[in-house]
Amino acid sequence: MTKLTRRLGVLAAAVAVGAVALTGCGASNSNSDSGTGGTASATNDIASKYANCSLTEGKAAAGDLGEGNDKDVTIGAFSGWDESTATAYLMKNILEKNGYTANVKTLDAAAGFTAASKGDVDVLTDVWLPSTHKTYINRYGDQLTALGCWYDNAKLTIAVNDSSPAKSIGDLKTMADQYNNTLVGIEPGAGETAIVKDKVIPAYGLQGMNFTTSSTAAMLASIRKAETDNTNVAVTLWKPHWAYSAFKIRDLEDPKGALGGKEGLWNFATKGFDEKSPKAAQLFKNLVLPDADLSELENLMTQKYQGNNPDGAVSEWLTSHPEFANQIVAGQLK
């Protein structure tokens, strides 16, 4: 995955990023049915409809569409997810340029899906399908409307420092002592945490390792400390993420496919949003962010602005990409 070269700040920057929800695939992104509300059904496999991510389907010119009856748009950003915060604030800026009043509300994923299903949040920009958010879409999908897929190569990973010996996740079983017998996780309620507990650990016989869960910021701090101390570390991570250019890390092979395959990142809106705010809905459908663009925007937010001014980071990014605003209106991003 191509990333722009960037210099990582001190550890405090990672902690600050975590504090303002700019550090990646995080809190309460659960694939468990517990505590999510609604009425899930084992046969209600709505998520399977979104197994294929097309970056061209649904693209169309939005310029001639009316703003609609509701010009106030609330975008939900998942707490602890870089790409969620980046796209939420990017679309906030674009909507404001096109006649809307927009705001971003940061929520855990469980609360975000519930809020979107009730209309308390209009749009979620970071829905991972067909696997990571499968339970939420199966539960709430009939109360939501898909507004296009904007990234087609997301995946969950187990990463290690590049100089360490393990090549496959299975190697951790026999090499655990070289990684302090620890696999460092993120938030306890995260979807990746559930997948690692329920699928990865049993599949590779890693029950003897200490799987720690705390926060995304703590996971990033563990990578930084291992790099400073010249020790080995194994962590749960995902792509896209700026950590791959900030640290000397690599993914372990997953021959059993326990982490799942490639996923798409989708926009989903509360049902009826496309009728109330047609131009806004089309702008979300027109969104596409390639790796280099997403990396550059995440870098500005997490490193230069250290999570303190996402609006400023977006403004700077758009200034250096003057064609973007017009292309998203015209449906010409690719």
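Structural data are supplied above this passage.
Values in this document were obtained by computation on a predicted structure and should not be read as measured data.

Q: Whenever I open this one, the state of the cysteines confuses me. Can you help?
A: Counting across every chain of the model gives one disulfide. C53 shares a disulfide with C149; S-S distance 1.9 Å. Given an S-S torsion of about -100°, the disulfide between C53 and C149 has left-handed geometry. Here C53 is found in the loop between α1 (11-19) and β1 (72-78), whereas its partner C149 is found in strand β4 (residues 144-161), with 96 residues between them in sequence. The partly exposed category is assigned to C53, whose relative accessible area is 22%. A residue is classified by how much of its surface remains accessible, and C149, at 2% relative accessible area, is buried.

Q: Can you help me understand helix α12 (residues 310-320) in this one?
A: Three or four residues apart is the spacing at which side chains of an α-helix point the same way, because the helix has 3.6 residues per turn. Among the residues of α12, those classed as buried are P310, G312, A313, V314, W317 and L318. In this structure, the buried residues of α12 make contact with α2 (82-97), α11 (291-304) and α13 (324-330).

Q: For this particular structure, what's the right way to read the pairing of β4?
A: Side-chain positions along a regular strand alternate between the two faces of the sheet. Across the 18 residues of β4, 13 count as buried, placing the element largely inside the fold. Bridging between β4 and strand β7 (residues 234-239) involves six bridges; their strand directions are antiparallel. Each bridged residue has a counterpart across the sheet, and for V160 the counterpart in β7 is A234. In this structure, β4 lies alongside strand β8 (residues 249-251), joined through three bridges in antiparallel fashion. When the bridges of β8 are listed, V160 appears paired with R250.

Q: Got a minute to help me understand unusual backbone geometry in this structure?
A: Excluding glycine, residues mostly carry a negative phi; peptide bonds, for their part, are mostly trans. In the segment running from L129 into P130, the intervening peptide bond is cis, with an omega of 20°. Looking at the element boundaries, P130 is found in the loop between β3 (123-129) and α4 (134-140). With an omega of 10°, the peptide bond between K239 and P240 qualifies as cis. One can find P240 in the loop between β7 and α8 (243-246). You will see that N180, though not glycine, has its phi angle at about 55°, which is positive. Backbone geometry places Q306, a non-glycine residue, at a positive phi of 50°. Positionally, Q306 belongs in the loop between α11 and α12.

Q: Before we go on, may I ask you to explain the side chain of T157 in this structure?
A: Examined against the element boundaries, T157 turns out to sit in strand β4. A distance of 2.8 Å separates polar atoms of two side chains, one belonging to T157 and the other to Y244.

Q: Teacher, can you tell me more about the packing of α2 against α11 here?
A: At a minimum axis separation of 10 Å, α2 and α11 run at an interaxial angle of 95°. With respect to their mutual orientation, α2 and α11 come out roughly perpendicular. Where α2 abuts α11, its residues D82, E83, T85, A86, Y89 and L90 lie against L294, L297, E298, M301 and T302. Residues that form the contact of α2 with α11 fall into these classes: six nonpolar, two polar and three charged.

Q: Looking at this structure, how should I read the packing of aromatic side chains?
A: Centre-to-centre distance and the angle between the planes together describe a pair of aromatic rings. As enumerated under the stated definition, the model contains ten aromatic pairs in all. On the basis of an interplanar angle of 50° and a centroid distance of 6.5 Å, the ring pair of W266 and F268 is categorised as tilted. For the pair W266 and F268, a shared accessibility class is recorded, and that class is buried. Following the ring pairs from residue to residue traces out a cluster consisting of F78, W81, F113, W128 and Y136. The ring of Y244 is capped by K239, whose NZ or CZ atom sits 4.6 Å from the centre of that ring. Sitting above the plane of the Y204 ring, K256 keeps its charged end 5.3 Å from the centroid.

What counts, and at which threshold
Residues numbered from 1 in each chain as written. Predicted model: local features only at pLDDT ≥ 70, side-chain atom pairs only at ≥ 80, totals over all residues. Heavy atoms only, no water. Disulfide = S-S within 2.5 Å. Helix = DSSP H or I, 4+ residues; strand = E, 2+ residues; numbered from the N terminus. Buried < 20%, exposed > 50% of the residue type's maximum accessible area, 1.4 Å probe, protein only. Contact = heavy atoms within 4.5 Å. Pairing = 2+ DSSP bridges. Polar contact = N/O pair within 3.5 Å; in protein donor to acceptor, adjacent residues only side chain to side chain. Axes fitted to C-alpha atoms, helices over the stretch in contact; angles between N-to-C directions. Parallel < 35°, antiparallel > 145°, perpendicular 65-115°, else oblique. Nonpolar A, V, L, I, M, F, W, Y, C, P; charged D, E, K, R; others polar. Phe/Tyr/Trp six-rings, centres within 6.5 Å; stacked < 30°, edge-to-face > 60°. Lys NZ or Arg CZ within 6 Å of the ring centre and 35° of its normal.

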